Amino acid sequence: QVQLVESGGGLVQAGGSLRLSCTASGSISSIYTMGWYRQAPGKQRGLVSSITSGGAANYVDSVKGRFTISRDNAKNTVYLQMNSLKPEDTAVYYCNARMVSDDNYWGRGTQVTVSS
């Protein structure tokens, strides 16, 4: 079992920045990939960015060049630095941990609202 606790969401004007954090506890040695997904009202949850235990990262095209994911394995924490935010980035952001067994765990989500 893995527990994920997110923080860092909020309200920001377009062009602003936010940093999301997600700290894992529990069976953390079995975590392979950590990442962030988002779900806007009326839309499906989709991947924003993920990072492996070795540091390999990937991003959805719409956030490339604006968002940066990082991982501090010593703190069991993954970060998502979000710059140049746009109103279309407004969503609930969920932290995800994918295990070596391919099981998935989710945080409760944190709201990000970008005003125009």
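Here is a short report on the structure shown in this document. It should be emphasised that the depicted structure is a prediction, and the values quoted were computed from it without experimental measurement.

**With respect to the packing of aromatic side chains**
Next up, step 1: For the structure shown, the criterion picks out 1 aromatic pair.
Next up, step 2: Between the aromatic rings of tyrosine 37 and tryptophan 106, the centroid separation amounts to 4.9 Å while the plane-to-plane angle is 75 degrees, which identifies the pairing as edge-to-face. Of this pair, tyrosine 37 sits in strand β4 (residues 31-39) while tryptophan 106 is found in strand β10 (residues 104-106), placing the two residues 69 residues apart along the sequence.
Next up, step 3: Here tryptophan 106 falls in the partly exposed class, since its relative accessible area comes to 36%.
Next up, step 4: Taking NZ or CZ as reference, arginine 45 lies 4.7 Å from the ring centre of tryptophan 106, over its face.

**Some points on unusual backbone geometry**
Next up, step 1: Phi angles above zero are rare outside glycine, and serine 84 is one such case at about 50 degrees.
Next up, step 2: Notably, aspartate 102 is not glycine yet its phi reads approximately 80 degrees, a positive angle.
Next up, step 3: Here aspartate 102 is to be found in the loop between β9 (91-99) and β10.
Next up, step 4: Classification of aspartate 102 by relative accessible area gives partly exposed; the value is 49%.

**Observations concerning the pairing of strand β3 (residues 18-26)**
The side chains of a regular strand alternate between both faces of the sheet.
Next up, step 1: Bridge count for strand β1 (residues 2-7) against β3 is 6 bridges, and the pairing is antiparallel. For valine 5, the partnering residue across the bridge sits in β3 and is threonine 23.
Next up, step 2: As paired strands, β3 and strand β8 (residues 77-82) are joined by 6 bridges and run antiparallel to one another. Counterpart to threonine 23 in the pairing with β8 is threonine 77.

**Some remarks on the environment of alanine 91**
Next up, step 1: Relative to the helices and strands, alanine 91 is located in strand β9.
Next up, step 2: Separated by 21 residues in sequence, alanine 91 and valine 112 have C-alpha atoms that sit 5.5 Å apart.
Next up, step 3: The contact partners of alanine 91, leaving out residues within four places of it in the chain, are Arg38, Gln39, Ala40, Thr110, Gln111 and Val112.

**Topic: the state of the cysteines**
Next up, step 1: On inspection of all chains with the given rule, the structure shows 1 disulfide.
Next up, step 2: Across the disulfide from cysteine 22 sits cysteine 95; the S-S distance is 2.0 Å. The sign of the -85 degrees torsion about the S-S bond sets the cysteine 22-cysteine 95 disulfide as left-handed. Here cysteine 95 lies in strand β9 and cysteine 22 lies in strand β3, a separation of 73 residues in the sequence.
Next up, step 3: The exposure class of cysteine 95 is buried, given its relative accessible area of 0%.

**A closer look at the layout of surface pockets**
Next up, step 1: Space inside the largest pocket adds up to approximately 160 Å³.
Next up, step 2: Taken together, 13 residues form the lining of the largest pocket, with Arg38, Ala40, Lys43, Gln44 and Glu88 sitting closest to its centre.
Next up, step 3: For the lining of the largest pocket, the secondary structure elements donating two or more residues are β4 and β5 (46-52).
Next up, step 4: In terms of residue count, β5 provides more of the lining of the largest pocket than any other element does, 3 residues in total.
Next up, step 5: Looking at the lining of the largest pocket residue by residue, the class counts come to 5 nonpolar, 5 polar and 3 charged.

The rules behind the values
- Residues numbered from 1 in each chain as written.
- Predicted model: local features only at pLDDT ≥ 70, side-chain atom pairs only at ≥ 80, totals over all residues.
- Heavy atoms only, no water.
- Phe/Tyr/Trp six-rings, centres within 6.5 Å; stacked < 30°, edge-to-face > 60°.
- Helix = DSSP H or I, 4+ residues; strand = E, 2+ residues; numbered from the N terminus.
- Buried < 20%, exposed > 50% of the residue type's maximum accessible area, 1.4 Å probe, protein only.
- Lys NZ or Arg CZ within 6 Å of the ring centre and 35° of its normal.
- Pairing = 2+ DSSP bridges.
- Contact = heavy atoms within 4.5 Å.
- Disulfide = S-S within 2.5 Å.
- 1 Å grid on protein atoms, 1.4 Å probe; cavity = no way out; pocket = protein on both sides within 12 Å on 5 of 7 lines; lining within 4 Å.
- Points joined across faces, edges and corners; volume = space filled by probe spheres on them.
- Nonpolar A, V, L, I, M, F, W, Y, C, P; charged D, E, K, R; others polar.

Everything listed here is a matter of geometry and, on its own, says nothing about what the molecule does.
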